[in-house]
Amino acid sequence: MKQSLKVISLLLSLALLFGMLASCGTDTAEEQTAADRSAISDTINVYTALEDDIIQAYLVSFYEKYPNIEIKITRDATGTIVSKLIAEKDNPIADVVWGTAVTSILSLGDYDLIEPYDPEGIERVLPQFKDKMTPARWVGIEVPEGAMVVDRKALEAKGLAVPTGFDDLIKPEYKGLIQAPDPTISGTGLLILSGILQLKGEEAGWEYLDALNKNIDQFPPSGSKPAKNVDAGETAIGLSMGYRCVKLAQENPDLEVVFPVEGCPWDVEANLLIKKPVIKEAAKLFLDWAISDPALEACRVEYPIVATGGNGTVPEGYNQDPVLNLSDKIDLYAMAAGRDSFFTDFTEKYLAPRGADA
Amino acid sequence: MPKANPRGNTAQKLLIWGAVLWFALFLLVPLFTLFSKVFQDKGGAFIGLENFRSYFATPSLVLSIGHSFEVSIWSMGIAVVLAFLFAYGLARCKIPCKNVLKNIALLPLFVPTMVHAMGLISIFGRAGIVTRELGLDIGIYGKTGIIMAEIFYVFPQAFLILTIALESADFRLYEAAAVMGSGPIRTFFRVTLPGAKYGLMNAAFVCFTLCFTDFGAPQVIGGNYAVLSTDVYKQVVGQQNMPMGSVVGVILTLPAIAAFFANRFSHRKGAAEEISSKAIAFRIQKQPLRDMIYTCFMGLSDLLILFLFAAVFATAFSYKWPQNMAFSLRHFDFDAKLINGGSSSFMYSLLLCTGTALLGTIIVFITAYLTEKTRPLAPVRSSLRFCSMLPMALPGLVIGLSYIMFFNKTDFSFFGLSIPNPLHGLYRTVLIMILSNIVHMFAVTYVTATTSLKKLDKAYEDAAESMAVPPWKLFLRVTVPLSLTAVIEVATYFFVNAMITVSAIVFLYTPDNKPAALAILNMDDNADYAAASAMSICLLGMNLAARLGFDALKKRLAIKHESSNKAAPVKQVG
């Protein structure tokens, strides 16, 4: 009797413990009512794929403007952020998505997660950097472009010239010297390699990729790795985001950044409002702020191309006004729509045979 | 056969059902929620087996099954052989500085597998130190690299299991063998190996499935050699294809089922290796040649491990490895690199690890006790055993995803009936991360616990029953004290792994509580190996401190126990 009592009391206390922990864990947005619409004291959950080290700098002007709104940042790689949003779709936690690739977040529309919203000042955003629908499902803040970073010294040692664009990369002499991000896992890889299909057209694009694949040494599973691997001496030519290439070249004099003469493929880092039962006013204020001048100027420190365009100057490390480097053939909607079949085709044509040979 | 104690049985039955509830809520139902996605398209419509059909119609995906088996079998084979030799040296030979040798070999346990792979790249990559200095490119990216990294990863796990198995042999068997004139080789094959059989099989299963489900090392060093775990990651994170991710997840769980049946088979035949209460602790005899060979082998293993860590340290502390090797601390400036990073995240990691170790050890030992040492509800206990082994085959990513899908649901609807989810409140709390960690690491700790419990003579239970000593008293007074080494081992395992695991919690963390290890994943994603190495060194430091603490605790408890309870069989020299 005594011991079963003890066991029962143990079980009871365990149950109590769970109950307590369960009850103190809830912090959802139910308290929000229409009455405190004007009040700007609130907490919002912001999901973003922006780099860790630049988020705080971006947020400075927000906190100046809205000192009573608390921003909770969930930062992760683009894919993780999007899959987290999809996994939480029945009960969304995020209030807004901030600075995450359009080609990836457009799919959130399939899960009915997007609440169209025109933030204040949307007319200043260049048409190619915001949604074509009104009200807008997404609005861009900055534009990452695909470029390459080259180890000039390593190429010189082999008697090779620095390539000027994509067409040079398929020359046989560069065989085994090039890395590009695996587009089936990296947003950067997707923007560059599926961007090439747009640059060259579907059919010629695949022919080009066939030839490029023969010269590619490896498709590493992250957007930064090809560039970093050039910097580390692991490979000679790396396809990656322009600003990352520029940053590495500024620290390593052996490196040179090449903006392909054919034009750079690009994507847009965009914001959107999450559709949920209660949409907080603070979330809209955040989206308004996110395309305001102070916010975009902060973006410009890292990404020279922001949604309102360049500022007419040539940033350090760039060849010209970076907006001019962008290809005019990029169709983000086609890229987003063709994403799944691109994954399949790319895997079957290039990734699987590589795995099989290894 | 003494009569069963009915009161003990009631309590035991209650506890067994409690354990069933634990597995149902924190393992099976979440998994079911995730795996039900297997039969749905991306929009959630039911499509039957269509996803499987398209999986097997995609050669690149099917290819990964073979790859996963190939790297896992190689890693398992090599690691188990090396680990057995190492454990044999530890348990059965006279070797100087045993503790130093053992602790160095444990180092790989304290950092994420991504770091082993990064270390290997610093050594064998194209710009790696060996490649440049010796002009020898072994082609580290791909299968070779994965296997090497996995061996470093599972070697300590394997030799820990094997050391426990080899340490608790009955010396009387060896005396008998010597008396009967059996030579050392014959004794090894007739006494030593059979005695360690259960440990060997466990070690093999643990190694195999850890390699099979690890995604850190293949992610960093695999090049374009795809394995199942990276496929899950790719499908879920890269392509947000949850249904296909779940299909790959299902395929990943199949080895667990194989492991379970193999384990049950060995268990049925393994009754003989229990240590009887009259056993005598193994007495190590001096054999200069053997001892020297083992010392050299163990020293060499340690040197290799130290070499790997030296590469990690060099990467972290040099300005820019390998081009500029000037000393620098710039990679340790986490606050500048990370949002929610720095000191607060280390505190958070500490909370997470302590919680996981405490709660995890209790749950694991109770479960192991229930499955191994109680009699009622045999079929239920058997399914508990299955549930305990199942997490071994579940990649953290699968557990994390299933948790997010289950616990974030506010209600369930069955045939139009809507039932609120009572556990929804756990979502976005520390506790859910702790629970996911416990489930994620359940199998290995459970194996450690059962290996140790199996060695305890059933005579204790029989004696307790006939003397009407309640089972909980036996559990606390005899079972736990006799399994003290394993208890501390389990707690340590939970602690250090909670420190370095990212895959299970990457979907569960919130901005307010982000553990430090997640930073390594982000740093790997940014290809910032130097910062990742620096972060790993900090985690290593915290884990080593914890390990030392646990060891000190173990010593204190062991001394206390020795003075208060002389009945321990291994101490009882007959």
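The rules behind these values
- Residues numbered from 1 in each chain as written.
- Chains lettered and ligands numbered in written order.
- Predicted model: local features only at pLDDT ≥ 70, side-chain atom pairs only at ≥ 80, totals over all residues.
- Heavy atoms only, no water.
- Helix = DSSP H or I, 4+ residues; strand = E, 2+ residues; numbered from the N terminus.
- Buried < 20%, exposed > 50% of the residue type's maximum accessible area, 1.4 Å probe, protein only.
- Polar contact = N/O pair within 3.5 Å; in protein donor to acceptor, adjacent residues only side chain to side chain.
- Contact = heavy atoms within 4.5 Å.
- Domains from an automatic or database assignment.
- Buried area = accessible area lost by both parts, 1.4 Å probe.
- Salt bridge = Lys/Arg side-chain N within 4 Å of Asp/Glu carboxyl O.
- Nonpolar A, V, L, I, M, F, W, Y, C, P; charged D, E, K, R; others polar.
- Expected span 1.5 Å × (residues − 1).
- Core = buried A, V, L, I, M, F, W, Y, C linked by side-chain atoms within 4.5 Å.
- Phe/Tyr/Trp six-rings, centres within 6.5 Å; stacked < 30°, edge-to-face > 60°.
- Lys NZ or Arg CZ within 6 Å of the ring centre and 35° of its normal.

**Here we look at the side chain of Thr 230 of chain B**
All names here are of chain B.
Point 1. Note that Thr 230 resides in helix α12 (residues 228-238).
Point 2. Since its relative accessible area comes to 8%, Thr 230 is described here as buried.
Point 3. A polar side-chain atom of Thr 230 sits 2.9 Å from the main-chain carbonyl oxygen of Val 227.
Point 4. Ignoring sequence-local partners within four residues, the contact set of Thr 230 consists of Phe 215, Pro 218 and Gln 219.

**Description of the domain arrangement of chain B**
Residue and element names in this part refer to chain B.
Point 1. Taken domain by domain, chain B holds domain 1 (48-320) and domain 2 (333-392 + 430-563).
Point 2. Computed over C-alpha atoms, the centres of domain 1 and domain 2 are 19 Å apart.
Point 3. With 44 residues of domain 1 at the interface, the matching set in domain 2 holds 40 residues.
Point 4. Both sides together, the interface formed by domain 1 and domain 2 hides about 4,000 Å², and carbon and sulfur atoms give 71% of it.
Point 5. At the surface where domain 1 touches domain 2, the tally comes to 0 salt bridges.
Point 6. For the interface between domain 1 and domain 2, the tally reads 3 residue pairs in polar contact (both at pLDDT 80 or more).
Point 7. Listed by contribution, the elements that provide at least two residues to the side of domain 1 that touches domain 2 are α5 (113-124), α7 (143-167), α10 (197-213), α11 (216-221), α12, α13 (242-269) and α14 (288-317).
Point 8. Grouping the amino acids of the side of domain 1 that touches domain 2 by side-chain chemistry returns 29 nonpolar, 12 polar and 3 charged.

**Some words on the interface of chain A and chain B**
Point 1. With 69 residues of chain A at the contact, the number on the chain B side is 69 residues.
Point 2. With both sides pooled, the region where chain A packs onto chain B buries about 6,100 Å², and carbon together with sulfur makes up 52% of that total.
Point 3. Our count for the chain A to chain B interface comes out at 4 salt bridges.
Point 4. A salt bridge links Asp 182 of chain A to Lys 234 of chain B, with the nearest nitrogen and oxygen atoms 3.1 Å apart.
Point 5. Between the two partners, chain A and chain B, sit 19 residue pairs in polar contact (both at pLDDT 80 or more).
Point 6. Top contributing element to the side of chain A that touches chain B by residue count: helix α15 (residues 339-357) of chain A, with 10 residues.
Point 7. For the side of chain A that touches chain B, the class distribution of residues is 25 nonpolar, 21 polar and 23 charged.

**Some words on helix α7 (residues 187-200) of chain A**
All names here are of chain A.
Point 1. Over its 14 residues, α7 extends 20 Å from the first C-alpha to the last, a length consistent with the 20 Å expected when each residue adds 1.5 Å.
Point 2. Extensive coverage of α7 is indicated by the burial of 12 of its 14 residues.
Point 3. Of all the residues in α7, the buried ones are Thr 188, Gly 189, Leu 190, Leu 191, Ile 192, Leu 193, Ser 194, Gly 195, Ile 196, Leu 197, Gln 198 and Leu 199.
Point 4. For α7, the side-chain oxygen to backbone nitrogen distance between the N-cap and Thr 188 is 3.2 Å, and the N-cap itself is Ser 186.
Point 5. The positive-phi residue at the C-terminal boundary of α7 is Gly 201, with phi of around 90°.

**Observations concerning the nonpolar core**
Point 1. The biggest cluster of nonpolar side chains holds 297 residues, and the ones touching the most others in it are Trp 98, Leu 108, Leu 193, Leu 209 and Phe 286 of chain A together with Phe 159 of chain B.
Point 2. Of the residues forming this core, the biggest block, 14 residues, is contributed by α7 of chain B.

**Here's the deal with the packing of aromatic side chains**
What describes a pair of aromatic rings is the distance from one ring centre to the other and the angle between the planes of the rings.
Point 1. The full count for this structure, using the stated rule, is 48 aromatic pairs over all chains.
Point 2. With a centroid separation of 4.6 Å and 45° between ring planes, the pair formed by Tyr 243 of chain A and Tyr 303 of chain A is classed as tilted. One end of the pair, Tyr 243 of chain A, is in helix α10 (residues 242-251); the other, Tyr 303 of chain A, is in the loop between α12 (293-302) and α13 (322-325), and 60 residues separate them in sequence. An identical accessibility class is assigned to Tyr 243 of chain A and Tyr 303 of chain A; each is buried.
Point 3. Within the aromatic cluster, the residues linked to one another by ring pairs are Trp 22, Phe 23, Phe 26, Tyr 403, Phe 406, Phe 407, Phe 442 and Tyr 446 of chain B.
Point 4. Its guanidinium or amino end placed over the ring of Tyr 509 of chain B, Lys 84 of chain A lies 4.1 Å from that ring's centre, counting from NZ or CZ.
Point 5. Looking at Arg 330 of chain B, its charged tip hangs above the ring of Tyr 319 of chain B, at a distance of 3.9 Å from the centre.

**Things to note about the domain arrangement of chain A**
Residues and elements named next belong to chain A.
Point 1. Per the domain assignment, the segments of chain A are domain 1 (38-144 + 267-320) and domain 2 (146-265 + 328-357).
Point 2. A separation of 27 Å is found between the C-alpha centroids of domain 1 and domain 2.
Point 3. Contacts between domain 1 and domain 2 engage 23 residues on the former and 17 residues on the latter.
Point 4. A combined buried area of about 1,600 Å² lies between domain 1 and domain 2, and 60% of that area is made up of carbon and sulfur atoms.
Point 5. There are 1 salt bridge connecting domain 1 and domain 2.
Point 6. Ionic pairing is found between Glu 302 and Lys 247, a salt bridge with its closest N-O pair at 3.8 Å.
Point 7. Inspection of the domain 1/domain 2 interface yields 3 residue pairs in polar contact (both at pLDDT 80 or more).
Point 8. Element by element, the count of residues in the side of domain 1 that touches domain 2 is highest for helix α4 (residues 102-105), at 3 residues.
Point 9. Considering only residue class, the side of domain 1 that touches domain 2 consists of 7 nonpolar, 6 polar and 10 charged.

**Looking at unusual backbone geometry**
Point 1. Of note, the amide linkage connecting Thr 134 of chain A to Pro 135 of chain A takes the cis form, showing an omega dihedral of -10°.
Point 2. If you trace the backbone, Pro 135 of chain A turns up in the loop between β4 (114-115) and β5 (139-142).
Point 3. One non-glycine residue, Cys 97 of chain B, lies in the positive phi region at around 50°.
Point 4. Looking at the secondary structure, you find Cys 97 of chain B in the loop between α3 (59-92) and α4 (98-106).
Point 5. The class of Cys 97 of chain B is exposed, set by a relative accessible area of 56%.
Point 6. Phi at Ala 468 of chain B is positive, roughly 60°, even though this residue is not glycine.

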